[in-house]
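What follows is the residue order along each chain.
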Amino acid sequence: MWHGENMNYEEVLSREDRAVIALKALYEQYGYRRFRIEKFEPYDLYRDNKNFLTAETAITFPDSRGRLMALKPDVTISIVRSFDPQDISSKWHYTESVFRRGGVSEEFREIRQIGIEYLGGNREYPQLEVLLLAMKSLEIFGREGVLAVGHMGLLRKLIDDMAEDRDELLGLLRRKNAHDLNAKERGKVLASLIELPADPVEALEYLADTLRTHGIERELDELRTVVRLMASHGYRKRVRIDFSVIHNLDYYNGLVFQGFLSGVPKVVLNGGRYDQLLEKMHKPAKAIGFAIYLDEVMSILSSEPQQVDAVILNYCEDMDLLFEAVDQLTSKGMSVRVYEDPAECIPSHKAYIFSREAVLKEVHRA
Amino acid sequence: MLKIAVPTGRMGEAAVEVFERAGFDCSGFNGTRKLIRQIGSMQIIRVKPSDVAVYVEHGVADVGIVGKDILMETEPDVFELRDLGFGACRMAVAAPEGFRDQGDMILKVATKYPHVATKYFGAKNRPTEIIPLNGSIEIAPLVGLSHVIVDIVETGTTLRENGLVIVEVIAESSARFIANQASYQFKRDEIEKLLSAWRLR
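What you see is a predicted model; the values in this text were computed from it and never measured. (Residues numbered from 1 in each chain as written. Chains lettered and ligands numbered in written order. Predicted model: local features only at pLDDT ≥ 70, side-chain atom pairs only at ≥ 80, totals over all residues.)

1. Some thoughts on the overall build of chain B
Assigned secondary structure in chain B consists of 8 helices and 11 strands. Put simply, 66% of the contacts in chain B that link residues at least 6 apart link residues at least 24 apart. (Helix = DSSP H or I, 4+ residues; strand = E, 2+ residues; numbered from the N terminus. Contact = placed C-beta atoms within 7 Å.)

2. Focus: the overall build of chain A
Along chain A, the regular secondary structure elements total 14 helices and 15 strands. Taken over C-alpha atoms, the radius of gyration comes to 26 Å for chain A, far larger than the 21 Å a tight globule of 366 residues would show. Each principal axis of the C-alpha distribution contributes one length, and for chain A these read about 90 × 55 × 40 Å. Burial statistics for chain A: of 366 residues in total, 33% are counted as buried. Put simply, of all contacts in chain A between residues at least 6 apart along the chain, 67% involve residues at least 24 apart. (Rg over C-alpha atoms; globule rule 2.2 N^0.38 Å. Buried ≥ 20, exposed ≤ 12 C-beta atoms within 10 Å, placed from the backbone.)

3. Here we look at the sheet that holds strand β9 (residues 148-153) of chain B
Residue and element names in this part refer to chain B. Taken together, the 5 strands give an open sheet; going across it, the order is β8-β7-β9-β6-β10, and neighbouring strands pair in mixed fashion. Only two strands of the sheet have a single neighbouring strand rather than two, namely β8 (128-132) and β10 (164-173). Taking each pair of neighbouring strands and ignoring which way they run, the sheet shows an average axis angle of 25°. (Pairing = 2+ DSSP bridges. Axes fitted to C-alpha atoms, helices over the stretch in contact; angles between N-to-C directions.)

4. Describing the pairing of strand β5 (residues 89-102) of chain A
Residue and element names in this part refer to chain A. Here strand β1 (residues 33-34) pairs with β5 via 2 bridges, running parallel. Within β5, the position partnered with R34 by the bridge is H93. Summarising the sheet, β5 and strand β6 (residues 107-120) pair through 14 bridges and their orientation is antiparallel. Within the sheet, the bridge partner assigned to S89 lies in β6 and is G120.

5. Structural notes on the domain arrangement of chain A
Per the domain assignment, the segments making up chain A are domain 1 (6-301) and domain 2 (305-363). For domain 1 of chain A and domain 2 of chain A, the distance between their C-alpha centres works out to 50 Å. (Domains from an automatic or database assignment.)

6. Thoughts on unusual backbone geometry
Unlike most non-glycine residues, K176(A) shows phi in positive territory, near 55°. Secondary-structure assignment places K176(A) in the loop between α7 (166-174) and α8 (178-182). The exposure class assigned to K176(A) is buried, which follows from the 23 C-beta atoms found within 10 Å. For E75(B), which is not a glycine, the phi torsion comes out positive at approximately 40°. Take E75(B): it is sitting in the loop between α3 (68-74) and β5 (79-83). Given 14 C-beta atoms within a 10 Å radius, E75(B) is considered partly exposed.

7. Concerning the sheet that holds strand β7 (residues 145-151) of chain A
All names here are of chain A. Spatially, the 8 strands line up as an open sheet ordered β1-β5-β6-β11-β10-β9-β7-β8, and their pairing is mixed. Each edge of the sheet is formed by a strand with only one pairing partner; in this case those strands are β1 and β8 (239-241). The pairing of strand β10 (residues 269-273) with strand β11 (residues 287-293) spans 5 bridges and is antiparallel. Bridged to L269 within β11 is I292.

8. A look at the interface of chain B and chain A
The interface is formed by 13 residues belonging to chain B together with 16 residues belonging to chain A. Those elements that place two or more of their residues in the side of chain B that touches chain A are β5 and α7 (181-186) of chain B. Ranked by the residues each element gives to the side of chain B that touches chain A, the list is headed by β5(B), at 5 residues. A breakdown of the residues in the side of chain B that touches chain A according to their chemical character gives 4 nonpolar, 5 polar and 4 charged. (Nonpolar A, V, L, I, M, F, W, Y, C, P; charged D, E, K, R; others polar.)

9. A closer look at the pairing of β5(B)
Residue and element names in this part refer to chain B. Counting buried residues in β5 gives 5 out of 5 residues, a clear majority hidden from the surface. In this sheet, strand β11 (residues 175-179) lies alongside β5 in antiparallel orientation, the contact comprising 4 bridges. By the bridge assignment for β11, E80 is matched with I178.

10. Structural notes on helix α5 (residues 124-140) of chain A
Residues and elements named next belong to chain A. The terminal C-alpha atoms of α5 lie 25 Å apart, and with 17 residues this matches the ideal 24 Å at 1.5 Å per residue to within 8%. Among all positions in α5, only P126, Q127, V130, L131, L133, A134, M135, S137 and L138 are buried. Positive backbone phi, approximately 70°, marks G142, located one or two places after α5. (Expected span 1.5 Å × (residues − 1).)

11. Observations regarding the nonpolar core
I116(A), V130(A), A134(A), L147(A), V149(A) and F257(A) are the most contacted members of the largest nonpolar core, which has 77 residues in total. Among the elements that take part in this core, α5(A) stands out by supplying 6 residues, more than any other. Each residue touching V130(A), except ones within four places of it in the same chain, is listed here: I116(A), Y118(A), G271(A), I288(A), G289(A) and F290(A). Among the nonpolar cores identified, the runner-up in size contains 31 residues, and A5(B), V6(B), M11(B) and I44(B) belong to it. (Core = buried A, V, L, I, M, F, W, Y, C linked by C-beta atoms within 7 Å.)

12. Focus on the domain arrangement of chain B
Residues and elements named next belong to chain B. Partitioning chain B into domains gives domain 1 (2-87 + 174-198) and domain 2 (89-171). Each of domain 1 and domain 2 was reduced to a C-alpha centroid, and the two centroids are 29 Å apart. Each partner contributes residues to the interface: domain 1 has 4 residues there, and domain 2 has 7 residues. Here the side of domain 1 that touches domain 2 is composed, by residue class, of 1 nonpolar, 1 polar and 2 charged.

13. Considering the confidence of the model for chain B
In this model, chain B carries a mean pLDDT of 91, and residues with pLDDT of at least 70 account for 96%. In the predicted assembly, ipTM is 0.88 and pTM is 0.85. (pLDDT = per-residue confidence, 0-100.)

14. Concerning the packing of helix α2 (residues 15-29) of chain A against α5(A)
Residue and element names in this part refer to chain A. Packing of α2 against α5 brings their axes to within 10 Å, and their N-to-C directions diverge by 155°. Considered as vectors, α2 and α5 are oriented roughly antiparallel to each other. The two elements α2 and α5 meet at a crossing, and its hand is right-handed. Contacts from A19, A22, L23, L26 and Y27 of α2 reach α5 at L133, K136, S137 and I140. (Parallel < 35°, antiparallel > 145°, perpendicular 65-115°, else oblique. Left-handed = near helix turned anticlockwise from the far one by under 90°.)

15. Let's talk about the packing of helix α10 (residues 200-210) of chain A against helix α11 (residues 217-232) of chain A
All names here are of chain A. Closest axis-to-axis distance for the α10/α11 pair is 10 Å, and the angle between their directions is 170°. On the basis of their axis angle, the class for α10 and α11 is roughly antiparallel. The way α10 lies across α11 gives a crossing that is left-handed. Packed against α10, whose contacting residues are P200, V201, L204, L207 and A208, the element α11 presents L220, L223, R224 and V227 at the interface.

16. A few points about the environment of R18(A)
Considering the arrangement of structural elements, one finds R18(A) in helix α2. Along the sequence, R18(A) and K176(A) sit 158 residues apart, while their C-alpha atoms lie 36 Å from each other.

Below is the structure:
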């Protein structure tokens with residue numbers, strides 16, 4: 001039998017499990033603690049901030065006292081609710097499922113997320129740490145990663161917040177649609193944000209030059225600090241300045257970012273600074289965090305077929321004797337699969353035949 | 001290698017011409033029924049026009065060429081990098097000559113673009129019943145299936161021949177160059193090389 005201390009946990013875990021454990025270890029290393037929440041919470045919590053959620057609906061049901069409850073569509077709001085702004089700062093990591101509508105059918109789906117939230121603290125250090133951890137998180141998946149970084153505060157200075165076509169203009173920017181932006185008087189300055197150099201240092205130089213008159217020095221400085229930090233950690237080629245990264249302007253006010261992994265067609269990581277959510281929830285403080293969508297990453301984490309140390313091809317009809325033979329191997333710490341049909345046998349280090357006469361005999365295959 | 005989804009049909013033929021003008025050898029391309037072709041370091045995948053954006057959004061193709069009408073209808077999560085100019089047409093509301101919307105009944109709208117139509121009349125607060133059809137939209141008002149239609153209009157010949165006129169223009173449409181969001185991040189050089197070969201800035 002396998003015993004705890006002899007067990008090689010690595011082998012038992014799927015690649016997904018291993019990635020999740022590595023991510024948790026990374027966050028713990030930087031002082032984030034595990035946040036646990038209930039699967040469902042009062043619906044009021046989400047209704048009051050429903051625009052913060054990308055999907056509008058939650059699965060709701062009445063509890064025994066008739067109170068409307070919701071299967072949680074979001075983790076961030078729950079974490080903010082537990083936050084006391086009198087605290088100096090609080091740092092949480094979570095691995096949770098949220099339930100939202102999605103896909104073509106608009107059916108409810110379970111979306112597995114892992115992420116961190118940094119609440120409180122000052123303006124500079126927390127956001128640099130969170131962005132660095134976003135980049136390091138992408139690295140854990142063993143694929144080329146890119147972190148695209150934008151800035152909602154900068155966009156706010158370039159766009160008339162009250163303008164009727166605000167959301168339309170932002171929609172065009174999100175799609176990198178310069179041709180339609182240029183056709184609108186108010187869109188021209190946003191169009192100039194679309195074709196930035198891929199190198200982040202060059203991109204910031206270009207912005208400082210083109211948008212000199214727009215009073216965005218402070219925002220550019222913030223981006224410069226991020227780029228400097230990334231470059232000093234060897235990530236200059238992995239970070240992009242990209243203003244198609246746009247989160248809800250009513251909640252996000254500073255740096256916003258998205259992560260991509262080579263071979264995954266969709267955004268795998270979403271994050272940003274959302275001080276305005278805290279303000280709306282009457283807990284004025286700084287806040288920044290991100291979530292990784294595990295289901296999007298799954299396509300590159302799918303496990304190889306399960307490997308075993310030994311296979312037994314069984315011809316014996318006595319099950320008691322067969323289990324004795326299996327125990328004989330597992331007690332040596334081997335993993336075993338039993339087959340009745342030679343065609344089904346998977347490759348393994350060792351192969352045995354358990355004969356009709358209950359003799360276990362190792363066979364050596366070419 | 002850059003994978004490009006190109007629509008079959010007229011817009012696809014125009015796209016192939018653009019490739020040729022940019023110096024890519026596409027000889028015999030429009031005659032063949034082969035759906036996957038290699039041109040230099042690019043792979044061309046030919047799919048139904050309404051499916052181009054699906055291929056790109058899911059990353060099976062890195063980039064694609066698709067009509068704005070289809071982007072408006074399906075609103076895929078992709079980057080729309082260029083207006084290629086060709087395949088120009090208008091998305092419009094058309095009705096039998098002399099029809100006037102009195103606003104006193106639910107307006108029946110036949111269309112291949114139910115999402116666009118719903119959004120357009122929704123923004124105007126006009127109560128409608130959208131009747132989705134897959135083709136020959138012009139026939140709907142003639143046989144009494146709908147009051148008006150929402151469709152793309154190129155020259156207007158089909159409308160005229162069926163006694164229909166444009167009542168309102170919803171939007172201008174033409175071929176657009178789209179890119180998958182992740183492909184844009186990882187294959188930006190190749191995408192930009194292709195665009196500059198086209199000189200469509």
